Amino acid sequence: DDIFSSAFCENSEKLINVHLFALAAKYYSLSNLGVCTPLEDVLEALKGDSERAKGIKPDEFMNNKKSHEVQVMSELVDSIANYCGIKQVIDIGSGKGYLSSFLSMQYNLKVYGIDSSSSNTYGAHERNKKLKKHWRAYQSRGRESLKNQSLENTNDRPVEREINCKTINEELLNNVSHLQNQDQVIIQDLVPSHGSTEMATPETDAETEADLLTGTQSHEAKLSEEVLAFLNVLPADAVEDFSSSRNCRELCEEEKVQRKMASLKTKARKSNESNLYFPLTSCITAETELNDIITDLEDCMLVGLHTCGDLAANTLRIFTAKPEIKAVCSVGCCYHLLSEQFENQEECHDQVWGFPMCQYLKDKGWCCGRNARMSACLALERVAVGQMLPTESLFYRAVLQVIIEEVYGVTKSDRHVGKTFSKSSSFIDYVRRSLKKLELDDSKVPDSCIMDYYEKYKHRMNELEAFNMLKVVLAPCIEVLILLDRLCYLKEQENIAWSGLVKLFDPVKSPRCYAVIALKNQSCS
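Calculation rules
- Residues numbered from 1 in each chain as written.
- Predicted model: local features only at pLDDT ≥ 70, side-chain atom pairs only at ≥ 80, totals over all residues.
- Heavy atoms only, no water.
- Core = buried A, V, L, I, M, F, W, Y, C linked by side-chain atoms within 4.5 Å.
- Buried < 20%, exposed > 50% of the residue type's maximum accessible area, 1.4 Å probe, protein only.
- Contact = heavy atoms within 4.5 Å.
- Helix = DSSP H or I, 4+ residues; strand = E, 2+ residues; numbered from the N terminus.
- Salt bridge = Lys/Arg side-chain N within 4 Å of Asp/Glu carboxyl O.

A. Examining the nonpolar core more closely. Core analysis: the largest hydrophobic core is formed by 73 residues, its most contacted members being M73, L76, I90, M301, L302, C329 and L504. Setting aside chain neighbours within four positions, we find M73 in contact with L99, V303, G304, L305, C329, V331, L504 and F505. Among the nonpolar cores identified, the runner-up in size contains 20 residues, and Y408, V417, Y457 and L464 belong to it.

B. Just the environment of S375, in detail. Secondary-structure assignment places S375 in helix α15 (residues 370-376). Residue classification places S375 among the buried positions, given a relative accessible area of 6%. Ignoring any residue separated from it by four or fewer positions in sequence, one finds S375 in contact with K471, A475 and I478.

C. Examining the pattern of salt bridges more closely. For the coordinates displayed, the defined rule picks out 14 salt bridges. Here K65 makes a salt bridge to E69, at a shortest N to O gap of 2.6 Å. Here E69 and K65 lie together in helix α5 (residues 64-84), a separation of four residues that amounts to about one turn. Judged by its relative accessible area of 0%, E69 falls in the buried class.

D. How the structure looks around unusual backbone geometry. Cis rather than trans, the peptide bond between F355 and P356 has omega equal to -5°. Note that P356 resides in the loop between β5 (325-333) and α14 (359-364). One non-glycine residue, E13, lies in the positive phi region at around 65°. Among the secondary structure elements, E13 is positioned in the loop between α1 (2-5) and α2 (18-27). Take E13: its relative accessible area is 63%, and that puts it in the exposed class. We note that N108 has phi near 60°; this positive angle belongs to a residue other than glycine.

Written as structure tokens, this is what we have:
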């Protein structure tokens with residue numbers, strides 16, 4: 001601390017050593033503090049003895065960023081759900097349902113997606129309908145993929161088909177004999193072609209035959225698991241029963257058994273889980289009673305992919321307060337929208353604040369302020385790889401603020417300019433569009449006056465860029481404070497078995513990449 005403090009002038013407190021400032025910011029960043037748990041370690045600890053089935057990538061259903069986020073987070077959520085022995089997931093701030101629909105279709109989890117926007121909920125409903133239609137194409141593509149894989153495995157193994165046909169599990173056949181008259185789900189070409197196999201020689205001894213038999217059964221069992229795992233990926237109505245045009249006598253009896261079991265599994269899933277994703281509209285607060293929203297609430301986990309502002313903090317509070325919720329995985333965003341207890345020095349005893357959460361920072365009366373929270377939203381990793389800040393739009397916004405203060409005498413407004421820059425053809429157009437959004441009379445400023453302000457400050461654009469680059473360098477430090485506050489809050493709770501921060505995403509693709517994860521003690525109920 002003593003070394004880094006020399007980055008600032010002792011008397012004026014102005015920054016005098018930019019290099020030292022950057023080193024200090026890096027030192028206190030989350031990646032350097034060593035407080036994060038690697039995602040690989042978490043997945044390994046959750047996996048136990050079970051192997052997770054490889055699923056379908058969502059890259060054709062959503063953009064690059066969202067696909068990356070959904071794929072990584074859904075695998076983790078599924079691992080946590082399996083570890084805790086739960087099948088119900090509640091997605092807080094579910095938006096258009098990207099994560100929710102993928103969790104239900106890919107991992108067969110029962111997901112309730114809750115969002116405060118009714119338009120988002122409607123959009124999620126419509127998007128879910130379209131998604132289900134596309135799963136049929138994936139079914140066909142998956143069949144072809146498994147076929148090719150199975151053919152490769154068959155060509156690599158000199159295993160006699162005749163041996164496999166002789167080894168019939170009589171008990172299994174008896175258990176499913178009542179299915180003889182029912183329609184079968186025929187997943188064509190999922191099993192390898194057996195038209196050309198090397199014949200067994202009479203000289204094969206008993207030990208060799210036993211080895212071949214064991215290897216063949218293991219291969220067929222593995223193939224069967226792949227088939228069933230693929231069926232599990234699909235929504236309940238994605239696989240239909242249909243009659244086979246092939247001669248069933250040409251099939252090995254073991255294949256028939258496997259197909260009957262697949263049919264039985266599919267029908268059971270159809271009857272029990274006709275719809276696994278339920279978009280709901282509700283505003284979530286720290287006092288929300290989930291039982292009022294979800295009538296069949298059971299042991300479950302909470303998830304949130306980029307929960308905005310206070311919603312991330314409230315997700316953690318709901319998790320600690322509700323005995324039914326066994327785990328939480330929350331990735332927050334929009335730090336600038338957090339409410340702060342000590343920002344305005346106003347006594348509001350009944351309000352639940354977004355920051356700070358932990359008792360330690362509350363005792364310190366810690367406050368970030370809006371400017372710091374805005375800085376925390378910046379993306380250092382993106383800037384580092386050349387995705388520079390939008391300097392011109394920031395300059396437009398800065399000069400606009402000067403005009404608003406000097407011409408209109410307005411220093412604070414509840415209205416926002418929003419993404420006006422991208423729609424504007426010039427600085428004059430930008431100012432006029434912005435004034436209308438702020439409901440200010442733009443006739444008070446002629447074009448010449450607007451351009452005078454532009455010319456007055458344009459030579460300082462480099463200063464503005466340098467200032468914003470310093471904010472970018474400092475961003476990870478402020479994010480650390482917010483995330484560690486949430487982690488410390490969980491550490492203060494008595495019913496938490498484990499909690500940690502995990503870097504889930506590539507920060508270039510998804511700058512808000514850290515998840516707060518916690519699991520309750522198994523005895524908690």
